[in-house]
Amino acid sequence: QVQLVESGGGLVQAGGSLRLSCAASLRTFSNYVMGWFRQAPGKEREFVAAIHWNAVSTYYADSVKGRFTISRDNAKNAVSLQMNSLKPGDTAVYYCAAGRRGMTSTPHEFDYWGQGTQVTVSS
């Protein structure tokens, strides 16, 4: 049973920081591209960031570039998202995802998803 479990969400003021973590029970975690997506109420799920299995290549949505940093630890089967300079527009449920179709921002190309963690940024 594959499980992705996110943690680290919460309430923060605009300009603040949060660090999201995702623990994955994938047997071959290092073979997966890991991604973060988010979904705000009434909106479609949108891509935030992805990281290649090599832990070097990364890909960000323009809206978070320069503020968010994705990283992974293949030895711990974990991926993180450091979020700085948070804005009210970043408020959403954040999801961790795993896929084997290469670096992509398309949700349906990821195979496994976590349950999500709420991030709320107050103005």
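What counts as what
Residue numbers here run from 1 along each chain, matching the order of that chain's written sequence. Only residues with pLDDT of at least 70 are given local features in this predicted model, and only at 80 or more are side-chain atom pairs given and counted; all residues enter the totals for whole chains, interfaces and linings. Side-chain measures were taken over the full set of non-hydrogen atoms in the model, leaving aside hydrogen atoms and water. Throughout, disulfides are identified as pairs of cysteine sulfur atoms within 2.5 Å of each other. Comment: elements are numbered from the N terminus, with helices defined as DSSP H or I runs of at least four residues and strands as E runs of at least two. Whenever a carboxyl oxygen of Asp or Glu lies within 4 Å of a side-chain nitrogen of Lys or Arg, that contact is scored as a salt bridge. Whether two strands pair depends on DSSP finding at least two bridges between them. Every angle, taken between N-to-C directions, lies between 0 and 180 degrees, and every axis is a line fitted to C-alpha atoms, over only the stretch in contact when it is a helix. Here's how the labels work: a residue is buried when its accessible area is under 20% of the maximum for its type, exposed when over 50%, partly exposed in between, all with a 1.4 Å probe on protein chains only. Polar contacts, as used here, are pairs of N or O atoms within 3.5 Å; protein pairs need one atom able to donate a hydrogen and one able to accept it. Residues neighboring in sequence count only if both atoms are side-chain atoms. Whether two residues are in contact is decided by their heavy atoms, any of which lying within 4.5 Å being enough.

Engineer: Which parts of the structure should I look at to understand the state of the cysteines?
Structural biologist: Disulfides are covalent bonds that link the sulfur atoms of two cysteine residues. Per the stated rule, a full pass over the model turns up one disulfide. Here Cys 22 pairs with Cys 96 through a disulfide, and the sulfurs are 2.1 Å apart. With the S-S bond torsion at -80 degrees, the cross-link from Cys 22 to Cys 96 turns out left-handed. Taken together, the positions of Cys 22 in strand β3 (residues 18-24) and Cys 96 in strand β9 (residues 92-99) put the pair 74 residues apart, joining distant regions of the chain.

Engineer: Hey, could you run me through the pattern of salt bridges in this one?
Structural biologist: Between side chains of opposite charge, a pair can form when the charged atoms approach closely. One pass over the structure, following the stated rule, counts five salt bridges. Here Arg 38 and Asp 90 are joined by a salt bridge, their closest N and O atoms 2.9 Å apart. Remark: Asp 90 occurs in the loop between β8 (78-83) and β9 and Arg 38 occurs in strand β4 (residues 33-39); sequence separation between them is 52 residues.

Engineer: What exactly am I supposed to notice about the sheet that holds β3 here?
Structural biologist: Two orientations exist for strands paired in a sheet by backbone hydrogen bonds: parallel and antiparallel. What the four strands build is an open sheet, ordered β1-β3-β8-β7; its pairing is antiparallel. Unpaired on one side and paired on the other, β1 (4-7) and β7 (68-73) mark the two borders of the sheet. Neighbour-to-neighbour, the strand axes of this sheet turn through a mean angle of 15 degrees, independent of strand direction. With six bridges connecting them, β3 and β8 associate as antiparallel partners.

Engineer: Please explain the side chain of Arg 67 as it appears in this structure.
Structural biologist: The residue Arg 67 is located in the loop between β6 (58-60) and β7 in this model. Accessibility expressed as a relative area gives 11% for Arg 67, which makes it buried. Engagement of the side chain of Arg 67 in a polar contact is seen with the side chain of Asp 90, the distance being 2.8 Å. Excluding residues within four positions of it along the chain, Arg 67 makes contact with Gln 82, Met 83, Asn 84, Ser 85, Leu 86, Lys 87 and Asp 90.

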